[in-house]
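Residue-level listing of the chains:
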Amino acid sequence: MARKILVTGAFGLAGSDLVPALQKKFGKNNVYALGNKTIPSDFDGNLVTGDVRDKSSLERIIKTHKITDVYHLAGLLSVGGEKDPELAWDVNINGLRNVLELSRIYKFKIFWPSSIAAFGPTTPKVKTPQHTSIEPTTIYGITKLTGELLLQYYFKRWGVDGRSLRYPGLIGYKAPPGDGTTEYSVHIFYGLLKENRYSAFLKKDARLPMMYIDDAIRGTIELMEAPASKISVRTSYNFSAINFTPEELADEIKKLYPTFKCAFDPDPIKQAIADSWPESIDDSVARKDWGWKHEFTLPKMTNVMIVGLKKKLGK
Ligand code: AKB
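Colleague: What's the story with the site of the ligand in this structure? I'm lost.
Modeller: Every residue lining the ligand is accounted for by Leu77, Ser78, Ser115, Ile116, Tyr140, Gly180, Thr181, Thr182, Glu183 and Trp277. Across the complex, the protein chains shield 96% of the 260 Å² of accessible surface that the ligand would expose by itself. Its residues assigned to classes, the shell around the ligand shows 4 nonpolar, 5 polar and 1 charged.

Structure follows, in structure tokens:
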């Protein structure tokens with residue numbers, strides 16, 4: 001059967017890299033990008049518009065295009081979620097429930113991203129295990145934990161093939177950074193190239209798990225392509241690459257741009273969110289089950305971010 005793939009949240013940080021990767025692997029004609037508000041004018045591919053909370057329009061898209069795989073990325077992030085918790089619940093949970101319910105009927109495979117935000121203050125902070133205390137304190141984290149349990153429920157109860165990764169902070173340059181806590185690690189590169197300075201909204205020693213977008217996209221597609229027999233986790237896999245503090249990232253940038261100035265001016269809400277999350281993640285179950293391996297180190301990521309963003313900004 002021909003693969004027909006729908007990506008929701010297609011123009012966010014992950015979607016902007018995932019859509020071209022899927023187009024390359026499966027053919028441009030077989031990928032449908034669902035956008036809501038921000039649709040770049042230069043997008044090259046099949047575009048569908050709509051809101052993931054509108055189940056009947058989602059159903060129409062899935063039926064019309066005979067969708068076999070949905071990468072459901074649409075959702076609010078941690079900082080955006082705290083600005084409007086009701087909207088975060090509505091989009092993140094009701095959007096996911098619509099996708100899960102439609103999968104019961106139309107039998108497509110689902111990828112849905114969870115996050116390190118599913119963890120909370122009672123979680124061990126260093127090398128956080130796959131199965132551990134999980135009591136998130138942000139609305140975003142609560143939607144991620146709920147979503148993980150819904151995925152597992154739909155798999156056990158209805159056989160819905162939903163797969164998920166607990167994304168760390170993702171770093172990429174194709175899309176502008178979203179309203180998240182780890183996103184300082186993207187903003188910093190814009191500050192570097194536009195003004196040669198940046199003021200981080202987290203403390204200089206706020207260590208968080210991070211990943212370059214190419215690793216995240218490759219891992220996401222590898223998980224979706226893995227045989228179902230290899231998937232032992234039906235909530236969401238721990239998924240890890242590197243971890244660093246704002247100061248370590250600024251120091252790495254200074255190796256290439258010695259005059260770059262970085263200040264640290266923690267925002268209380270964002271810092272409290274960061275404080276509730278792990279510093280590093282044990283993703284040995286993903287490595288064992290389906291062979292996950294990251295490639296990008298902090299220096300390699302810093303280098304490609306600068307080269308890519310320079311090109312994008314015409315610098
Ligand atoms: C955020 O900071 O909200 C996201 C995430 C880690 O899920 N980048």
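Colleague: Would you mind going over the environment of Asp215 with me for this structure?
Modeller: Within the element layout of this structure, Asp215 appears in helix H7 (residues 213-225). At 2.9 Å, the side chain of Asp215 forms a polar contact with the backbone nitrogen of Phe296.

Colleague: Could you clarify how one ought to interpret the sheet that holds strand E11 (residues 242-244) in this entry?
Modeller: Sheets are built from strands that pair by backbone hydrogen bonding, the pairs being arranged parallel or antiparallel. Within the open sheet, the 3 strands sit side by side as E7-E9-E11. Their pairing is mixed. For this open sheet the edge positions go to strand E7 (169-171) and E11, each flanked by a neighbour on one side alone. Sheet twist, expressed as the average angle between the axes of neighbouring strands with direction ignored, equals 40°. In terms of strand pairing, strand E9 (residues 208-212) meets E11 through 3 bridges, oriented antiparallel. Opposite Pro209, over in E11, you have Asn243 as the bridge partner.

Colleague: How do you make sense of helix H5 (residues 139-158) when you look at a structure like this?
Modeller: For an α-helix the count is 3.6 residues per turn, leaving residues at separations of three or four pointing the same way. For H5, which comprises 20 residues, the first-to-last C-alpha distance of 27 Å matches the rise-based estimate of 28 Å (1.5 Å per residue) to within 8%. Buried positions along H5 lie against helix H3 (78-83), helix H4 (85-106), strand E5 (109-115) and strand E6 (162-167). Two residues or fewer past H5, Gly159 is found with a positive phi of approximately 75°.

Colleague: So what exactly am I meant to see when it comes to the pairing of strand E8 (residues 197-200) here?
Modeller: Looking down a regular strand, the side chains alternate between one sheet face and the other. Residues Tyr198 and Ala200 line the buried face of E8, whereas the alternating positions Arg197 and Ser199 sit on a face that is not buried. Relative to strand E12 (residues 261-264), E8 runs parallel, the two being bridged by 4 bridges. Looking at E12, one finds that Arg197 is bridged to Lys261.

Cut-offs applied
- Residues numbered from 1 in each chain as written.
- Predicted model: local features only at pLDDT ≥ 70, side-chain atom pairs only at ≥ 80, totals over all residues.
- Heavy atoms only, no water.
- Near = heavy atom within 4 Å.
- Areas by Shrake-Rupley, 256 points an atom, 1.4 Å probe, with all protein chains shown as cover.
- Nonpolar A, V, L, I, M, F, W, Y, C, P; charged D, E, K, R; others polar.
- Helix = DSSP H or I, 4+ residues; strand = E, 2+ residues; numbered from the N terminus.
- Polar contact = N/O pair within 3.5 Å; in protein donor to acceptor, adjacent residues only side chain to side chain.
- Pairing = 2+ DSSP bridges.
- Axes fitted to C-alpha atoms, helices over the stretch in contact; angles between N-to-C directions.
- Expected span 1.5 Å × (residues − 1).
- Contact = heavy atoms within 4.5 Å.
- Buried < 20%, exposed > 50% of the residue type's maximum accessible area, 1.4 Å probe, protein only.

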